[in-house]
Number of protein chains: 2
Amino acid sequence: MTVAHRVPGCELCEHDGGRLIHHDTDWRVVGVDDAEFPAYYRVICNRHVSEFSDLDPAERERCMVLVDTVERVMRELLHPVKVNLASLGNLTPHLHWHVVARFAWDSRFPQPIWGAVQRAADPAALGAVAAALPDVDRRLAERLHYA
Amino acid sequence: MTVAHRVPGCELCEHDGGRLIHHDTDWRVVGVDDAEFPAYYRVICNRHVSEFSDLDPAERERCMVLVDTVERVMRELLHPVKVNLASLGNLTPHLHWHVVARFAWDSRFPQPIWGAVQRAADPAALGAVAAALPDVDRRLAERLHYA
């Protein structure tokens with residue numbers, strides 16, 4: 001990867017962006033503390049690039065291996081009805097991927113997490129996902145270390 | 001890629017899903033006719049798989065080469081302020097990527113295209129993007145043919 005650079009005022013240049021699960025020279029994976037969507041992780045490029053197509057082929061493949069690994073671990077441990085992936089960056093144009101486990105009982109399913117609220121999330125189901133997060137974090141850290 | 005199969009009732013098994021720009025054995029790229037977001041393409045897996053992590057590594061890389069190519073052509077010809085990428089599939093769980101060029105003047109920027117309306121889109125700017133689409137489609141078809 002090319003020489004890292006930081007952009008003053010960029011939130012993802014200046015902060016981890018969540019609880020740090022994995023960190024290497026070029027990428028990091030963080031957990032996002034979101035009460036509505038507890039099973040929410042981000043794969044973040046350490047250097048400041050704004051678009052996916054700013055990556056070279058090796059970087060692109062590495063990025064998607066990390067996204068794939070997060071998705072796999074969430075499927076293994078949480079059995080979501082769907083996993084949602086997105087790289088938007090309209091507010092924070094520093095390349096990062098959202099990886100979010102979705103459930104039929106969650107507050108916005110089948111809408112995107114940015115869509116309209118559909119219902120109050122089932123509190124017991126939400127609590128069960130939140131309770132499983134330390135295990136998800138631990139398995140993710142192990143798996144990403146070898147990814 | 002493993003043997004293709006179709007799921008009855010799946011919209012993306014039964015229909016192209018938009019105006020067909022590129023088609024090969026395993027993948028297709030279509031343009032989405034969306035008046036609010038005219039520069040909107042989808043990269044669609046021909047066989048019915050629901051999650052990104054259902055792909056093997058070669059399929060994953062091929063998928064993201066296509067997404068990257070669509071993004072590059074949109075950046076070259078349309079100069080969006082941001083490109084948004086997403087694989088959601090909550091309503092249609094057949095693997096497809098949304099690739100959408102975003103502009104500061106569009107109706108929902110900086111919200112995701114699924115977020116709240118922010119303004120009426122600038123009609124002249126919207127018309128200019130729509131007018132450029134035949135060129136985008138043509139360059140995409142060429143570039144994807146060799147991708």
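Counting restarts for each chain, with residues numbered from 1 along the sequence as it is written. All chains are assigned letters beginning with A, and all ligands numbers beginning with 1, in the order in which they are written. Two thresholds apply to this predicted model, a pLDDT of at least 70 for residue-level local features and 80 or more for giving and counting side-chain atom pairs, whereas whole-chain, interface and lining totals are computed over all residues. Computation of side-chain values covers all heavy atoms of the structure but excludes hydrogens and water.

Residue and element names in this part refer to chain B. The helix and strand labels rest on DSSP assignments: H or I over at least four residues marks a helix, E over at least two residues marks a strand, and numbering proceeds from the N terminus. With respect to the helices and strands, Asn46 occurs in the loop between strand 3 (40-45) and helix 2 (57-78). Whether a residue is buried, partly exposed or exposed follows from its accessible area with a 1.4 Å probe, protein chains only, as a fraction of its type maximum: under 20%, in between, or over 50%, in that order. Taking the relative accessible area as the measure of exposure, Asn46 reaches 17% and is therefore buried. Distance in space between the C-alpha atoms of Asn46 and Pro8 is 14 Å, their sequence separation being 38 residues. For Asn46, the side chain forms a polar contact with the side chain of Arg28, separated by 3.0 Å. As used in this structure description, the phrase polar contact means that two N or O atoms lie within 3.5 Å; if the pair is within protein, one of them must be able to donate a hydrogen and the other to accept it, and residues adjacent in sequence are counted only when both atoms belong to side chains.

When chain A is fitted onto chain B, the two copies agree to an RMSD of 0.0 Å after a turn of 180° and an axial shift of 0.0 Å. Accordingly, the operation relating the two chain copies is best matched by a two-fold axis. It is Ala86 of chain A whose C-alpha, among those of chain A, lies nearest the rotation axis, at 2.0 Å. Least squares is the method used to superpose the copies, on C-alpha atoms of residues holding a pLDDT of at least 70 in both.

On to the interface of chain A and chain B, then. In what follows, residue pairs with any heavy atoms lying within 4.5 Å of each other are defined as contacts. Of the residues lining the interface, 34 residues belong to chain A; the matching set on chain B comes to 34 residues. The contact between chain A and chain B buries some 3100 Å² in all, and 49% of this surface belongs to carbon and sulfur atoms. Of all residues in chain A, Glu51, Lys82 and Asn90 of chain A give up the largest surface area on contact with chain B, accounting jointly for 21% of the area buried on that side. Each salt bridge in this description consists of a side-chain nitrogen of Lys or Arg and a carboxyl oxygen of Asp or Glu lying within 4 Å of one another. At the boundary of chain A and chain B, one finds eight salt bridges. In this structure, Asp68 of chain B and Arg60 of chain A form a salt bridge, with 3.7 Å as the shortest nitrogen-oxygen distance. Contributing elements (two or more residues each) for the side of chain A that touches chain B: helix 2 (57-78), strand 4 (82-87) and strand 5 (96-102) of chain A. For the side of chain A that touches chain B, the element with the highest residue contribution is helix 2 of chain A, accounting for eight residues. By definition, the buried area sums, over both parts, the 1.4 Å-probe accessible area that each loses when the two are put together.

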